[in-house]
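Listed below are the residues making up each chain.
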Amino acid sequence: MTVGRAEPNPPGFGQVQIAVAFNGICGTDLHILSGHMDARVAMPAIIGHEMSGTISALGEGVDGWAVGDPVTVMPLAWDGTCPACLAGNRHICQNLDFVGIDSPGALQGRWNVDAGLLVALPPSLSLRHAALVEPTAVAVHDVHRSELEPGQKAVVIGGGPIGLLIAAVSRSCGGDVVVIELDPGRRQRIADLGYTVLDPRDDTVGWVEEWTGGAGADVVFEVSGAAAAVLGAVDYAKVRGTLVVVAIHPEPRPVNLQRIFWRELRLLGARVYQREDFETAVALLEAGEIPADALITETVPLAEIQSAFDTLTAGAAMKILIDVQSGQETA
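The following paragraphs examine the structure supplied in this document.

Rules behind the numbers
Residues numbered from 1 in each chain as written. Predicted model: local features only at pLDDT ≥ 70, side-chain atom pairs only at ≥ 80, totals over all residues. Heavy atoms only, no water. Helix = DSSP H or I, 4+ residues; strand = E, 2+ residues; numbered from the N terminus. Salt bridge = Lys/Arg side-chain N within 4 Å of Asp/Glu carboxyl O. Buried < 20%, exposed > 50% of the residue type's maximum accessible area, 1.4 Å probe, protein only. Axes fitted to C-alpha atoms, helices over the stretch in contact; angles between N-to-C directions. Parallel < 35°, antiparallel > 145°, perpendicular 65-115°, else oblique. Contact = heavy atoms within 4.5 Å.

**Comments concerning unusual backbone geometry**
Okay, step 1: Of note in this structure, Arg-240 is not a glycine but carries a positive phi near 60°.
Okay, step 2: Among the secondary structure elements, Arg-240 is positioned in strand S12 (residues 237-245).
Okay, step 3: One non-glycine residue with positive phi stands out, namely Val-272, at about 50°.
Okay, step 4: If you trace the backbone, Val-272 turns up in the loop between strand S13 (266-269) and helix H10 (275-286).

**Let's talk about the pattern of salt bridges**
Okay, step 1: Evaluation of the coordinates by the stated rule reveals 11 salt bridges.
Okay, step 2: Here Asp-199 and Arg-187 are joined by a salt bridge, their closest N and O atoms 3.5 Å apart. Taken together, the residues Asp-199 in the loop between strand S10 (196-198) and helix H7 (204-211) and Arg-187 in helix H6 (residues 184-192) connect sequence positions 12 residues apart. Side by side, Asp-199 and Arg-187 carry an identical accessibility label, which is buried.

**Considerations on the packing of helix H1 (residues 27-34) against helix H12 (residues 305-313)**
Okay, step 1: At a minimum axis separation of 11 Å, H1 and H12 run at an interaxial angle of 100°. Relative to H12, H1 is oriented roughly perpendicular. The segment H1 lies against H12, with Asp-29, Leu-30 and Leu-33 engaging Phe-309, Leu-312 and Thr-313.

Worth remembering: the numbers are spatial, not functional.
Dropping the structure here:
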């Protein structure tokens, strides 16, 4: 039978309409589900920001795009007038609209967005893999923030999707990487991709000291979001090493400032991305530098999205994609 559905609103001036193909569910979406972001997300809400699709309609005033173009969206809308924007840091605008959190997102069949948010996709990159552009851009931004150089050693604490992407981007930059991950299934998946992966219940600090000849790692990425991991992360870093905080922490965490002082460590935050990070992410995926198929555990239709959230909440998957168009026409 045919499923009844309302006709989508046409795109407004300066907008395009996207037929959303795939949308990835991420840790931020789980934070929304758990209520950690209720202050930002107004109900009812349409979330979703890790996406790929094709342009299905053009609004007035849009140039340089055509119906059928494959695209993804950099989901950041800044005001351009706050102190952060005026200082050149528009991606962390003090009044940032993160599209898919603060405003309607991609978990819908037809999505109207400002054309300025579009990022072109090469025809050779599958739309399924292209749904990983946004999280890959996160990893690219994190590694760029760290200033990791070829030959340097990096520790990634947390082997979920972003942790694995950081490891892949670090390796593409010539870094030597080890991942620390508690879950045995994830450890095996990461090891199968050729990475050294450690169980945090072992003496990982001693292992890193031996690996680095007693110096410590050049860069440590904290991606787990666990309080104990934040407290112990500085123990892996060399003198004047760098700790990059990547995970979203729903509450303040204790930090070992004595160790930061003693070793003159750099403590950096890394939030979202810039346009060049998206462009690099597209290039890395197109070149096969990102293990896209290993990251994508499952693809499910939009009607089964609750099962995807349940699976991810249980920690039983890496990346689950929602096939947004599946079941849109018939049932």
